[in-house]
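Fold and contact review
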Amino acid sequence: MKNILKPSDYLERANYKNCIWDFCGNFFRLFLSNDITKDVKLQNFILLLQWSGKSDASLAIDNIFPKDAYQKATTDIIPVVKKIVDNLVSENLDEDEFYKELFTKICDDILFTEEIEIICAITALIFNPKIPYFKLGKAVTMDNDKYQEISLNLRREISKSYFVLQYGYAQKTELASQLYNIVKAQKNDEERIVLIANILGFYNAQMKILYDKLKEHIHNNEDIED
């Protein structure tokens, strides 16, 4: 594939559906290669990591490595990439500095020496939940006793929020507007934060139930196949 595209054009048109590794691999060869200046490579790297995940798939891309080779390499690389990202996130860097450090570790370091390793590392970044990265301000902390006290005072509002979550609205905006009105009506930020925390706790509990059911379903199917 000849480099006649801008990086943004590639992301909007390249067909990633057949093999996301080849999608990232072709981007690496076209826009992160050695004959491009480091500053330009960094900007292209950031553009890829901030990609919306949408493409019209009108542009065919080259197959670089077999899928089984990608899969084998990815197994070892995913935990390494996760650790790199987690360590950098914990430093709470400015966004520009974060991407600069990440680019150095993924594309410019001795950590990944083979092309397939770099491609798999970039692909792992695409699926990392902490990418794209944002620098956050200081979060509110609260001891458990105070949290429980405020939650007890808000038990009606918490129950109402759970009811809204289970109501079965057809549109997400309907659900969001109801929750927004409940949160907005609280007296101060501490009450609003605790209420939102309880709503998130409900969602997390529901997700765990679904996850456990899925694991049980997979396990049961494996038993049947055996």
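All of the points below concern the structure found in this document. Only a predicted model underlies this, so the values are computations on that prediction, with no experimental measurement involved.

Our next topic: the packing of helix H5 (residues 95-107) against helix H6 (residues 115-127). Two elements in contact, H5 and H6, have axes whose closest approach is 9 Å; the angle formed by their N-to-C orientations is 145°. Contacts between H5 and H6 involve Leu102, Ile106 and Cys107 from the first element and Ile118, Ala121, Ile122 and Leu125 from the second. The residue makeup of the contact of H5 with H6, split by class, is seven nonpolar, no polar and no charged.

Per the stated rule, a full pass over the model turns up six salt bridges. As a salt-bridge pair, Glu190 and Lys146 come within 2.6 Å of each other at their nearest N and O atoms. Here Lys146 lies in helix H7 (residues 144-153) and Glu190 lies in helix H10 (residues 189-225), a separation of 44 residues in the sequence. Relative accessible area serves as the criterion here: at 32%, Lys146 is assigned to the partly exposed category. Here the salt bridges do not stand alone but share partners, grouping Lys82, Asp86 and Lys130 into one network.

Quick look at helix H3 (residues 38-49) now. An α-helical turn contains 3.6 residues, so a residue and the one three or four places further along point in the same direction. Given a rise of 1.5 Å per residue, 12 residues ought to cover 16 Å, and the 16 Å separating the end C-alpha atoms of H3 matches this to within 8%. Those residues of H3 not exposed but buried are Lys41, Leu42, Asn44, Phe45, Ile46, Leu48 and Leu49. Looking at the buried side of H3, the elements it contacts are helix H1 (7-13), helix H2 (20-31), H5 and H6.

With that out of the way, let us pick up the environment of Ala69. One can find Ala69 in helix H4 (residues 67-90). Note on Ala69: relative accessible area 26%, which makes it partly exposed. Along the backbone, Ala69 and Lys184 are 115 residues apart, and their C-alpha atoms lie at a distance of 52 Å.

What follows deals with the packing of H4 against H6. H6 packs onto H4 with a crossing angle of 60° between their chain directions and a minimal axis gap of 8 Å. Put simply, H4 runs oblique to H6. Crossing of H4 over H6 shows right-handed handedness. Between H4 and H6, the contacting residues are Ala69, Tyr70, Ala73, Thr74, Ile77, Ile78, Val81 and Val85 on the first element and Ile116, Glu117, Ile119, Cys120, Ala121, Ala124 and Leu125 on the second. Each residue belonging to the contact of H4 with H6 can be placed in one class, and the counts come to 13 nonpolar, one polar and one charged.

Turning our attention to H4. Compared with an ideal rise of 1.5 Å per residue, which puts 24 residues at 34 Å, H4 spans 33 Å between its outermost C-alpha atoms and is within 8% of the ideal. Thr75 marks where H4 bends most, by close to 40°; the proline Pro79 follows one to four residues later. Of all the residues in H4, the buried ones are Tyr70, Ala73, Thr74, Ile77, Val81, Ile84, Val85 and Leu88. Immediately beyond the C-terminal end of H4, within one or two residues, lies Asn92, with a positive phi of roughly 55°.

Before going further, it helps to examine the packing of aromatic side chains. Within this structure, the stated rule accounts for 15 aromatic pairs. Consider the rings of Tyr10 and Phe31, whose centres lie 5.8 Å apart with planes at 70°: the pair is edge-to-face. With Tyr10 in helix H1 and Phe31 in helix H2, this residue pair connects regions lying 21 residues apart in the sequence. Here Tyr10 matches Phe31 in class, with each residue buried. With a centroid separation of 5.8 Å and an interplanar angle of 70°, the aromatic rings of Phe163 and Tyr167 are classed as edge-to-face. With relative accessibility at 55%, the residue Phe163 sits in the exposed group. With a relative accessible area of 49%, Tyr167 lands in the partly exposed category. Put simply, the rings of Tyr10, Tyr16, Phe23, Phe27, Phe31 and Trp51 pair up and form one aromatic cluster.

Conventions and cut-offs
- Residues numbered from 1 in each chain as written.
- Predicted model: local features only at pLDDT ≥ 70, side-chain atom pairs only at ≥ 80, totals over all residues.
- Heavy atoms only, no water.
- Axes fitted to C-alpha atoms, helices over the stretch in contact; angles between N-to-C directions.
- Helix = DSSP H or I, 4+ residues; strand = E, 2+ residues; numbered from the N terminus.
- Contact = heavy atoms within 4.5 Å.
- Nonpolar A, V, L, I, M, F, W, Y, C, P; charged D, E, K, R; others polar.
- Salt bridge = Lys/Arg side-chain N within 4 Å of Asp/Glu carboxyl O.
- Buried < 20%, exposed > 50% of the residue type's maximum accessible area, 1.4 Å probe, protein only.
- Expected span 1.5 Å × (residues − 1).
- Parallel < 35°, antiparallel > 145°, perpendicular 65-115°, else oblique.
- Left-handed = near helix turned anticlockwise from the far one by under 90°.
- Bend = angle between axes of the 7 residues up to and from the residue.
- Phe/Tyr/Trp six-rings, centres within 6.5 Å; stacked < 30°, edge-to-face > 60°.

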